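Close look at the chain arrangement
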Amino acid sequence: MAQFEKEIVQAVLIADNNVWNFKPLSDEGSTALLPLVNVSMLDYALIALNRSGVEEVFVYASLYLQEIRDHIKEGIATYASWSFKMTVNMIGGEGCRCFGDAMRDLDAKALIRGNFILMGADTVTNADLRPVLEQHKRMAKFDKGTAATLVFKECAINVRTGNELLIAVDKQNSRLHYHQRLRMNHKEPRYHIPLDVFLGNSCVALHHNLLDPQIAIGSPSMLSLFSDNFDFQTRDDFVRGLLINEELLDSRIYVSLLPAAQYAHKVNNWPSYQLVSRDIINRWAYPLVPDMGVYKLHQQYVFHKDNIYKSNEAHVSKKALRENVVIQAGSHVDAGSVIRDTVIGENCRIGKNCQLSNVFLMANVTIQDNCRLEHCVVGDHAVIEAECNVSAGCVVGAKCVLPSKTKLAKTLVTSTPKTQHRAEQEPEQDYEIVELEAIGPQAYIVSDITTGDPDDSDGEELLPQQTLSIPKMGDLMAQLDDISYCSDLSDEDDDEGSRAVTPLPDDTNIFLSEVIDSLSRGFRERSNPDFLILEINSSRYAYNMSLKEVNFNVVKAVFSMQHIVEPANNNVLAAIGAAFKQLGPVVSNYIKSEEAMMDCLKALEDVYEENPLAREKISQIVHYLYDKDFVSEDAIQVWYSQLGGEEHVQLRHSLFKLVDWLNQSSEEDDNDEALDEDDQ
């Protein structure tokens, strides 16, 4: 009769994710327990599994085991919504250093008895995964080599959070043939897909608008594949390994896309934390919304208009709360303060005349009078003293005390004078202890610069000069104000919108776009300048560009590269120097005559208008081009004299000192020549 026994639906939750991206709060506790709209991310994941009919869950962690174990016990004792009809087991792996080690440990423990759901504890979804599980079982019966079914979510928004993918799948059976994760720090100008993907399959679909919420359905063979291949360190390694060695391993991966009405997103860094928080507050993840008692079965908030969720035990004037605000019990806001797009934990105290926008306060935070906070996170029991200005993605750790009148931007702050840091030269070694710069007795600045994300398996592909920092919050929502999350516009509305805002590009714009792509790729890959010149000339003849247009657009393309438009640490001069060091021979090939130099300088007029960072340094940029012999003194003088009209007043003012210096240098040279002639 054993063969007729019902198969128990099992799931595995990986709790140790994105430790680096959530510093310094990840140094103080598990990222799985990080509050997201005042509910820990682990609880969202457990609720999702419970809603999908899972009966047994294994939570796997190697950091803060006891903290997670205590949280699970407390949830069971207080009848958390996920605790009914679902058993939750905690598994610890002290020696586990990566996702692959966790999977190998699970295989060794032999706890998984059949197909299972694999998820990260940082995944937020309201999706019912039962249909996906059944789809996987049907495919496994048909194809005995089915190793996993990856779950993706189609999305229309254009914000990079590190979860975006390009995939190629067989349209007939949804088998995965190509998988590429898109990077946050630059947009790929083109994609390189192996020709075999198209030659070996009759019907291939490309999806470039997908989010990866890190949900998968695994076969029992999935764990053994990790045990047999120790080079599988991450989930992406597993996918890549199976795609490359499909015949050798006799294993295949399939894909399932969630319906448009279902929500799924992985919270893997602070920008995605901000985005998912906003989605929850705006009720895209319903029923995972604050007023539905997500974690506890009793209602903690009253839902008001403008997406305001206020506890009855919170003391705050209605005038203070503008829109998209969650404020938990015990918190107090004094008169004159204005709060919008903010989540406030329990027992927080906000003083008079404070302004908070896109702020996330954990429990027991104190903000004194006349403070301004924007796009930042503040940890438990932290104190922000009077007249502080904290913005641009700052993260203030637990128990920090910021001295009064402190101004911070793009800064991580911790309360301890020492922290752990991974050595750049020995990424596989243990962390080293480093001293931190102090801004107060209980406030120290943490460096977040690294040569690559320790959790990024593709880090070796980065160029040596491409240092990375922890992704920070910012004004991600500006471009989303008129776009519903993953919503589908009607064909009629879409056509009208396209006609209204998307004019057809002319040949000049297409040529410029192709030159930008060529130069950007050449800069990243350190291509031979001669090859880039051939590409540009080919585009020139294809679009019938005059030499004058080519000169102008080549210079403009250099300054339009993402490396210069969004330079590291806003150091545009260093970015320009690096670009011209690699691409200088390309520019020199076109900028030879005085007339070409004028084309070059006229391109700088567009750069001045379009790039704020270049605008501030335009004098130094022209001086740099002069020093490197890209433009001559005479060309600069003629160009400057032609900058008439009101539209060039600021540009002339910025260049005045440089031109005056050139005039003086010219006069001195003339005097020296006259003296030499007299001596003769």
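These notes cover the structure that comes with them. (Residues numbered from 1 in each chain as written. Predicted model: local features only at pLDDT ≥ 70, side-chain atom pairs only at ≥ 80, totals over all residues. Heavy atoms only, no water.)

**What to know about the packing of helix α16 (residues 594–610) against helix α19 (residues 633–641)**
Axis separation between α16 and α19 bottoms out at 9 Å; the angle between their running directions is 50°. With respect to their mutual orientation, α16 and α19 come out oblique. For the crossing formed where α16 meets α19, the hand is right-handed. Together, E594, M597, M598, L601, K602 and E605 of α16 and D634, A635, I636, V638 and W639 of α19 make up the contact between the two elements. Of the residues contributing to the contact of α16 with α19, the split by class is seven nonpolar, no polar and four charged. (Axes fitted to C-alpha atoms, helices over the stretch in contact; angles between N-to-C directions. Helix = DSSP H or I, 4+ residues; strand = E, 2+ residues; numbered from the N terminus. Parallel < 35°, antiparallel > 145°, perpendicular 65-115°, else oblique. Left-handed = near helix turned anticlockwise from the far one by under 90°. Contact = heavy atoms within 4.5 Å. Nonpolar A, V, L, I, M, F, W, Y, C, P; charged D, E, K, R; others polar.)

**Structural notes on helix α18 (residues 618–627)**
For α18, the set of buried residues is I618, S619, I621, V622 and L625. Relative to the axis of α18, the buried residues are bounded by an arc of 165° and lie together on one face. Just past α18, the residue D629 takes up positive phi, approximately 65°. (Buried < 20%, exposed > 50% of the residue type's maximum accessible area, 1.4 Å probe, protein only. Arc of directions from axis to C-beta.)

**Some thoughts on the layout of surface pockets**
Space inside the second largest pocket adds up to approximately 990 Å³. In terms of lining residues, the second largest pocket is bounded by 34 residues, among which L33, P35, S40, A363 and D380 are the most central. At four residues, the largest contribution of residues to the lining of the second largest pocket is made by helix α2 (residues 65–77). Split by residue class, the lining of the second largest pocket holds 13 nonpolar, twelve polar and nine charged. (1 Å grid on protein atoms, 1.4 Å probe; cavity = no way out; pocket = protein on both sides within 12 Å on 5 of 7 lines; lining within 4 Å. Points joined across faces, edges and corners; volume = space filled by probe spheres on them.)

**Overview of empty space enclosed by the protein**
A probe matching the size of a water molecule, rolled over the atoms, marks out where space remains unfilled. Within this structure, the stated rule accounts for three cavities of 30 Å³ or more. As a volume, the largest cavity reaches approximately 80 Å³. Forming the walls of the largest cavity are Q274, S277, R278, I281, N282, N324, D341, T342, V343, N358 and F360. Mapped by element, the contributors of at least two residues to the lining of the largest cavity are α9 (270–281), β19 (342–344) and β21 (355–361). The leading source of residues in the lining of the largest cavity is α9, at four residues.

**Things to note about the sheet that holds strand β27 (residues 401–402)**
The strand order across the open sheet formed by five strands is β17-β20-β22-β24-β27, and the pairing between neighbours is parallel. The strands lining the two open edges of the sheet, one partner per strand, are β17 (332–333) and β27. Pairing of strand β24 (residues 383–384) with β27, which is carried by two bridges, proceeds in the parallel orientation. Within the sheet, the bridge partner assigned to I384 lies in β27 and is L402. (Pairing = 2+ DSSP bridges.)

**Details of the packing of aromatic side chains**
If you walk through the whole model with that rule in mind, you get 13 aromatic pairs. Seen in terms of ring centroids, F226 and F238 are 5.0 Å apart; in terms of plane orientation they differ by 10°. Their pairing is stacked. Of this pair, F226 sits in helix α6 (residues 220–228) while F238 sits in helix α7 (residues 235–244), placing them twelve residues apart in sequence. As far as burial versus exposure is concerned, F226 and F238 are alike and both buried. Each ring, one from W270 and one from Y273, has its centre 5.2 Å from the other, and the planes form 75°; the classification is edge-to-face. Linking W270 with Y273, this pair stays in helix α9, spanning three residues, or about one helical turn. Neither W270 nor Y273 differs from the other in exposure class; each is buried. Positioned above the aromatic ring of Y608, the side-chain terminus of R615 is 5.9 Å from the ring centre. Sitting over the ring of Y640, R652 keeps its end group 4.3 Å from the ring centre. (Phe/Tyr/Trp six-rings, centres within 6.5 Å; stacked < 30°, edge-to-face > 60°. Lys NZ or Arg CZ within 6 Å of the ring centre and 35° of its normal.)

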